[in-house]
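Per-entry structural report
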Amino acid sequence: MQKVKIEPFKVIGIAVRTTNENGKSAQDIGQLWGKFMSEGISDKIPNKINDTIFSIYTNYESDHTKPYDTILGCKVSFLTIFLMEWSDNRLMAEPMANLYRKET
């Protein structure tokens, strides 16, 4: 097997915290994919470079038997900070690009 170096990149998407115990990850990750596809999350990602979808497993508490995060998302040119809030039982996201604008 040949090693390939991949330069760091940024991803925006949705995530779930799960574990491999009792088949929970199969259920959680299946639901995450269902949400990603049915809600057209890829089309809503700002600054998207292309349509490639990444599935990232990260933030393991310990080994493969402990909780970890799975992220589904797309590579972006830069990250956008969002204000997240619940409204009518839906999570709303608004870009906060002007949040730190210096007043003159």
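Residues numbered from 1 in each chain as written. Predicted model: local features only at pLDDT ≥ 70, side-chain atom pairs only at ≥ 80, totals over all residues. Heavy atoms only, no water.

For any pair of aromatic rings, the description rests on two quantities: the centre-to-centre distance and the angle between the ring planes. Throughout the structure, instances matching the rule amount to four aromatic pairs. Pairing W33 with F36 gives two aromatic rings, centres 6.2 Å apart and planes at 70 degrees, and the pair type is edge-to-face. Pair noted here: W33 and F36 are both in helix α1 (residues 24–38), with a separation of three residues, about one helical turn. For W33, a relative accessible area of 32% gives the class partly exposed. Linked through ring pairs, Y57, Y60 and Y68 together constitute an aromatic cluster. (Phe/Tyr/Trp six-rings, centres within 6.5 Å; stacked < 30°, edge-to-face > 60°. Helix = DSSP H or I, 4+ residues; strand = E, 2+ residues; numbered from the N terminus. Buried < 20%, exposed > 50% of the residue type's maximum accessible area, 1.4 Å probe, protein only.)

Mean pLDDT over the protein chain: 83, with 76% of residues reaching 70 or higher. Taken together, the stretch residues 96–104 has pLDDT below 50 and engages in three contacts with residues farther than four places along the chain or on a different chain. (pLDDT = per-residue confidence, 0-100. Contact = heavy atoms within 4.5 Å.)

Bringing the sheet that holds strand β3 (residues 68–76) into the picture now. Pairing between the strands of a sheet is mediated by backbone hydrogen bonds and can be parallel or antiparallel. Here three strands make up an open sheet; going across it, the order is β1-β3-β2 and the pairing antiparallel. Among the strands making up the open sheet, the edge pair consists of β1 (10–18) and β2 (48–58). Taken pair by pair, the neighbouring strands of this sheet meet at an average axis angle of 15 degrees, ignoring direction. Pairing analysis gives seven bridges linking β2 to β3, with the strands arranged antiparallel. Note on β3: the bridge partner recorded for Y57 is T70. (Pairing = 2+ DSSP bridges. Axes fitted to C-alpha atoms, helices over the stretch in contact; angles between N-to-C directions.)

Time to look at the nonpolar core. I12, I14, V16, L32, F36, I41, I45, L72, C74 and V76 together form the largest nonpolar core, which totals 10 residues. At the level of secondary structure, the elements contributing two or more residues to this core comprise β1, α1 and β3. In this view, I45 contacts I12, G13, G73, C74 and V76; residues no more than four positions away in its chain are not counted. (Core = buried A, V, L, I, M, F, W, Y, C linked by side-chain atoms within 4.5 Å.)

Our focus in this paragraph is α1. In a regular helix each residue adds 1.5 Å, so 15 residues correspond to 21 Å; α1 covers 21 Å between its end C-alpha atoms and thus fits that length. Taken together, the buried positions of α1 are occupied by S25, D28, I29, L32 and F36. All buried residues of α1 lie within an arc of 90 degrees about the axis, which places them on one face of the element. Opposite the buried face of α1, by more than 90 degrees, sit the exposed residues A26, M37 and S38. For α1, the elements touching its buried residues are β1, α2 (41–44), β2 and β3. (Expected span 1.5 Å × (residues − 1). Arc of directions from axis to C-beta.)

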